[in-house]
Amino acid sequence: STVIHQKAGGVILFVIRFLNSLNKQGHLVYCLESRRWTWDLEKIKSERVSEDFVVHTTLQMNSLPKPFQTGLMIAACLGSNFNGPILRKAIEENELEVDSFIKSGKDGGYIEESESGSYRWTHDQIQQAAYNLILPTQRESFHYHLGRRLLKNSANCDMNGDFLFMIVENMNRGTDLKLNRDEMTQLARLNLQAGNEAMSTSGFHSAAKYLQQGINLLSKDSWIHEYDLTIQLYDAALDTYYTAGQFSNFEVAVKQPLTHAICFEDKLNSYHHLVRFLTASGRSEEALETCLSVLRTLGVEISPNANAESLLTEAISVKEIIRNSHIHNLLDLPKMEDFDKMAAMTFLNTAVLCSYETNEFTFFFVICRMVKLSVRHGLCSISAVAFSLYGALLTCPTLSDFDEAYKMGRLALMAIDRLNAFRMKPNVFLSFYGAIAHCKEPVQASIPKLLEGYEVAFALGDMERVTGILQLYAAVAVWGCGDKLTKAEEIIRIHFRRMLQHKQDISCKNILPHLNQVAKLTGSKENVYVTFFNTTEDNFFEEEMNRRGAHTRKLILHTCRMYLAVMCGDMESAAREYERNGAKYQGGIRFFGTTTRVFLAGIVGFYLARKRRLDEKKWAQVGEISMDTIKSWTQDSSWNYAHKLLLLEAECLFLKGEEHEHIAAAKYNESIALAKKHKFKNEEGLASQKAAMFHLEYNRKEEALSHLKHAKACYECWGATGLARQIKIAIESLSSQSFPKF
């Protein structure tokens, strides 16, 4: 038994086959006289099968009837699983009887029936043994002709999904054969079909493989003799290469249609993907220049030198257009029919991200033009994005029309269905749940919607929106809603790695600061900058701050560092972050990061006004501006902002001195209670921490201890164990009569 086990590798199927083989050779026989099995151990040891079970099984298969061998070879080429109907299409008439083959295959232990009614090999090495029946020199031809046979025996309705892939995979194995021009063209078309099919099911890497094969099959003069096929292959390939992160393939392929396409319209798709590629590569200025050039050719002029005055004029004109059309009637406008206008909408939508990164005024102009085109020339799917972006634009300080913003955002959500604009869902969700919803609705309600938008974007291969939504999710989940930090970290990390797999390295740099702050809040010793980019935090920061453009990344870096400093009580570091860029970035669209920066500026301002009496007026003004801004926001969404306002009012009264002491204490308590009621566990902890500092100022040790203990409990509940440990040290220090520094 030991010898049998060693030779068969413990695989029961091979044990049985080996025993049968030994029996046929007379090395293992049953003796009727003694009524026991007898064997020749030396001869069994000499059997050379243990080194390669596949070879041994193939040798056995060679003794089977030729028709059965043919069936095994065909089935081996169909994969690890196959069904009866496909097998019938693969076998020529009179070649063998399919039902008989399946029965013999099951009886012989080669194949088995699955629960779904299809068939599978009993072991992958059995499949390999059957495949080895095909001579190596004949395999390319066997695969190719099997694929052609499947194609010939198939109706058009069969040409999709796994069956299509099976045909193309087999035929592609024969591309080194001497195929004629028609055969190569036919196979190129099939690879295009397979690539599009794979893309429709988010199989981006498989799609890239099929489309690259299709391009390889094109003749040198395909731009002349097979123009439509060639442009379709390159258009599909560029989309796939970008989504799959195959940027080297992209850079080679994009030159072809831009050089050889016979008209500007046929170059539009290549320009569209080129802009996406340039933006993802951190070349936003180049991307914007390309976009504006294409738009000029399409008859849409946007000046790269727009300023605040011209923007205000444009925004007022758009507002007037919408007022005249009436918001509730906008979705009843006719359908956009003009090709150039529809192409312009596509490029305006593409210009949104690169203009946001490089030129805020151009970004606003792009939004306004999208709305104008929709109202004047009819609606298309991108009109839903235009309405949501315009709603976001109305949250800017210069416009501040939150009611109108919310109406436009809700209209955009309705437009997804009305305009059959499912592919625009991530874009609309990005604007609405990132910049508009929290003006009116509890911010916690945005979390599942952002994740929904992320999944849709990923399934569509819309990597720009994948990045944007993940950034917003990280901001809301960490800064805004007080949900479990460990849960937020897990989700961010999973999707971060997913983006890295798709070579979205530049975009991942926008997520990295969020992962870093979570690691520090939770007390993790991991250095995420080393883990993912093999650099230090300081080097990363300096490199990104000195980079041209990268507006979003700079915002995120400053806000993450400022937030972490405030939560950890390092107000001097928070002040340095504010002085570097904080004041500059409090305007613009009211994305959730903007509201966070305004709140943090207020906390920093009132603190430094107390500590830097020579600059008290300057810092008090910073705090008061933030407090007034949040007060105006509270009128529309008390759920999200009332507790923040109460905390800033308490800090303001703390600054003003003893005559306001009792009112300040009450404000702190109200802020803590309201943050708890509205489930902002992080800001409940922060308010408790600030209240402790307030009571220490008036030597109320017991009250300070009580608030510190409450802050520690909040941070533990939030999952910020690193912060909780810091507060624990402060509690121990205060308990021992030594005043803590936090």
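Basis of the calculations
- Note that residues are indexed from 1 along each chain, following the sequence as it is written.
- Given that this is a predicted model, residues contribute local features only at a pLDDT of at least 70 and side-chain atom pairs are listed and counted only at 80 or more, while totals for whole chains, interfaces and linings are drawn from all residues.
- The basis for every side-chain value is the complete set of heavy atoms in the structure, and neither hydrogens nor water enter the calculation.
- Secondary structure elements follow DSSP: runs of H or I of four or more residues count as helices, runs of E of two or more count as strands, with numbering from the N terminus.
- Summary of the burial criterion: residues with accessible area below 20% of their type's maximum are buried, those above 50% are exposed, and those between are partly exposed, where the area comes from a 1.4 Å probe applied to protein chains only.
- What makes two residues a contact is simply this: any of their non-hydrogen atoms within 4.5 Å.
- Geometry is summarised by axes, namely lines fitted to C-alpha atoms with helices restricted to the contacting stretch, and by angles between N-to-C directions that run from 0 to 180 degrees.
- Any angle that is under 35 degrees is reported as roughly parallel, and any over 145 degrees as roughly antiparallel; angles of 65 to 115 degrees are reported as roughly perpendicular and all others as oblique.
- Helix crossings get a hand from a simple test, with the near helix turned counterclockwise from the far one by less than a right angle marking a left-handed crossing and a clockwise turn marking a right-handed one.
- Side-chain classes follow a simple rule in which Ala, Val, Leu, Ile, Met, Phe, Trp, Tyr, Cys and Pro form the nonpolar group, Asp, Glu, Lys and Arg form the charged group, and the remainder, Gly included, forms the polar group.
- Within the patch definition used here, like charges are joined within 9 Å and nonpolar side chains (Val, Leu, Ile, Met, Phe, Trp, Tyr) within 5 Å, considering only residues with over 30% relative accessible area and no salt bridge.
- Per-residue and other accessible areas follow the Shrake-Rupley method at a 1.4 Å probe size, with only the shown protein chains counted as cover for residues.
- Just to be clear on terms, a salt bridge is a Lys or Arg side-chain nitrogen sitting within 4 Å of an Asp or Glu carboxyl oxygen.
- Each pair of strands is called paired provided DSSP finds at least two bridges between the two strands.
- The criterion for an aromatic pair is that two Phe, Tyr or Trp rings (for Trp, the six-membered ring) have centres within 6.5 Å, with stacked assigned to planes under 30 degrees apart, edge-to-face to planes over 60 apart and tilted to the rest.
- Two cysteine sulfur atoms form a disulfide, by the criterion used here, when they sit within 2.5 Å.
- In the cavity and pocket records, a cavity denotes points on a 1 Å grid over the protein atoms alone where a 1.4 Å probe fits but cannot get out, a pocket denotes an open set with protein on both sides within 12 Å along at least 5 of 7 lines, and lining residues are residues with an atom within 4 Å of a point.
- Grid points are joined across faces, edges and corners, and a volume is the space filled by probe spheres set on the points.
- For a helix, the expected span equals 1.5 Å multiplied by the residue count minus one.
- Take the buried residues of types Ala, Val, Leu, Ile, Met, Phe, Trp, Tyr and Cys, join any two whose side-chain atoms come within 4.5 Å, and each joined set is a nonpolar core.

Draft legend 1. Quick look at the overall build of the protein chain. In terms of helices and strands, the protein chain carries 40 helices and 5 strands. For the protein chain, the spread of C-alpha atoms along the principal axes amounts to about 110 × 75 × 45 Å. Within the span of the protein chain, comprising 742 residues, buried residues form 57% of the whole. Counting only contacts in the protein chain whose residues sit at least 6 apart along the sequence, the fraction spanning at least 24 positions is 67%.

Draft legend 2. Structural context of the packing of helix H20 (residues 339-358) against helix H21 (residues 360-377). At a minimum axis distance of 8 Å, the contact between H20 and H21 shows a crossing angle of 160 degrees. Classified by the angle between their axes, H20 and H21 sit roughly antiparallel to one another. With respect to the hand of their crossing, H20 and H21 are arranged in left-handed fashion. Only Glu-360, Thr-362, Phe-363, Val-366, Arg-369, Met-370, Leu-373, Ser-374 and His-377 of H21 make contact with H20, whose side of the interface consists of Lys-341, Ala-344, Met-345, Leu-348, Asn-349, Ala-351, Val-352, Ser-355, Tyr-356 and Thr-358. For the contact of H20 with H21, the class distribution of residues is 10 nonpolar, 6 polar and 3 charged.

Draft legend 3. Inspection of a nonpolar patch on the surface at higher detail. Nonpolar side chains collect at one region of the surface, where Tyr-30, Leu-32, Trp-37, Trp-39 and Leu-41 lie side by side and expose about 590 Å² of accessible area between them. Tracing the chain through its elements places Trp-39 in strand E2 (residues 36-39).

Draft legend 4. Spotlight on the sheet that holds strand E4 (residues 111-113). A sheet is described by the order of its strands in space; here 3 strands give the open sequence E3-E5-E4, paired in antiparallel fashion. Looking at strand neighbours, the two that pair on one side only are strand E3 (81-82) and E4, the edges of this open sheet. Here E4 runs beside strand E5 (residues 119-121); their pairing, made up of 3 bridges, is antiparallel. Bridged to Ile-111 within E5 is Trp-121. Strands in contact with helix H7 (residues 98-107) are E4 and E5; relative to E4, the strand with the most contacts, it is inclined by about 105 degrees.

Draft legend 5. Looking closely at unusual backbone geometry. Positive phi, close to 50 degrees, is recorded for Asn-534, a residue that is not glycine. Tracing the backbone shows Asn-534 in the loop between helix H30 (528-533) and helix H31 (537-545). At Asn-699, a position not held by glycine, the phi torsion is positive, near 60 degrees. Within the fold, Asn-699 resides in the loop between helix H38 (681-697) and helix H39 (701-718).

Draft legend 6. Here's a closer look at the packing of helix H9 (residues 139-152) against helix H10 (residues 161-172). Between H9 and H10, the shortest axis-to-axis distance is 7 Å and the interhelical angle comes to 145 degrees. H10 is crossed by H9, and the crossing has left-handed handedness. For the pair H9 and H10, contact is made by His-143, Tyr-144, Leu-146, Gly-147, Arg-148, Leu-150 and Leu-151 and by Phe-163, Met-166, Ile-167, Asn-170 and Met-171, respectively. Among the residues forming the contact of H9 with H10, the class breakdown is 8 nonpolar, 3 polar and 1 charged.

Draft legend 7. Structural view of the packing of aromatic side chains. Throughout the structure, instances matching the rule amount to 28 aromatic pairs. Ring centres of Phe-429 and Tyr-433 lie 5.1 Å apart, and the angle between their planes is 75 degrees; on these two criteria the pair is classed as edge-to-face. On the criterion of helical spacing, the pair formed by Phe-429 and Tyr-433 is a turn pair, its members being 4 residues apart in helix H24 (residues 425-436). Phe-429 sits in the buried class, given a relative accessible area of 5%. We classify Tyr-433 as buried; its relative accessible area is 7%. Here Phe-432 and Tyr-433 contribute two aromatic rings whose centre-to-centre distance is 4.8 Å and whose plane-to-plane angle is 90 degrees, an arrangement assigned as edge-to-face. Across the pair, Tyr-433 and Phe-432 agree in class, each one buried. An aromatic cluster of at least three residues, connected via ring pairs, comprises Tyr-242, Phe-247, Phe-250 and Phe-277.

Draft legend 8. Structural detail: the environment of Met-408. Counting through the fold element by element, Met-408 comes out in helix H23 (residues 402-418). Through-space distance from the C-alpha of Met-408 to that of Phe-432 is 9.1 Å; in sequence the pair is 24 residues apart. Ignoring anything within four residues of it in the chain, the contact list for Met-408 reads Ile-322, Ile-327, Leu-330, Phe-387, Tyr-390, Gly-391 and Leu-394.

Draft legend 9. Representation of the pattern of salt bridges in the model. All told, the structure shown has 40 salt bridges when counted by the stated rule. Through salt bridges with shared partners, a single ionic network connects Lys-520, Glu-537, Arg-561 and Glu-577.

Draft legend 10. Expanded view of the state of the cysteines. Applying the stated rule across the entire model yields 0 disulfides. In this structure Cys-354 is a free cysteine whose sulfur lies 4.8 Å from that of Cys-291, the closest cysteine sulfur available. Considering cysteine sulfurs only, Cys-368 is the nearest to Cys-396, which forms no disulfide, with 9.8 Å between them.

Draft legend 11. Structural view of empty space enclosed by the protein. Summed over the entire model, instances satisfying the criterion amount to 3 cavities of 30 Å³ or more. Considering only enclosed or pocket space, the second largest cavity measures out at about 40 Å³ in volume. Looking at the second largest cavity, the residues that line it are Trp-479, Tyr-563, Phe-592, Thr-595, Thr-596, Phe-599, Leu-600, Lys-644 and Glu-683. Top element by residues in the lining of the second largest cavity is helix H34 (residues 592-611). It accounts for 5 residues. Broken down by class, the residue content of the lining of the second largest cavity amounts to 5 nonpolar, 2 polar and 2 charged.

Draft legend 12. Seen up close, helix H5 (residues 66-77). In this model, H5 (12 residues) spans 17 Å end to end at C-alpha, consistent with the 16 Å of a helix rising 1.5 Å per residue. Counting buried residues in H5 gives 10 out of 12 residues, a clear majority hidden from the surface. Along H5, the positions that sit buried rather than exposed are Phe-68, Gln-69, Thr-70, Gly-71, Leu-72, Met-73, Ile-74, Ala-75, Ala-76 and Cys-77. In the segment just after H5, Gly-79 is the residue with positive phi, at about 110 degrees.

Draft legend 13. Quick look at the nonpolar core. Counting 255 residues, the largest nonpolar core has Leu-78, Trp-121, Met-370, Leu-521 and Tyr-715 as its most contacted members. For this core, the leading source of residues is helix H26 (residues 463-480), giving 12 residues. Among residues more than four places away in sequence, those in contact with Met-370 are Met-345, Leu-348, Asn-349, Val-352, Ile-382, Val-385, Ala-386 and Leu-389.

Draft legend 14. Geometry of the side chain of His-514. Relative to the helices and strands, His-514 is located in helix H29 (residues 512-521). Setting aside anything within four residues of it in sequence, one finds His-514 in contact with Gln-471, Ala-474, Ala-475, Trp-479, Ile-556 and Cys-560.

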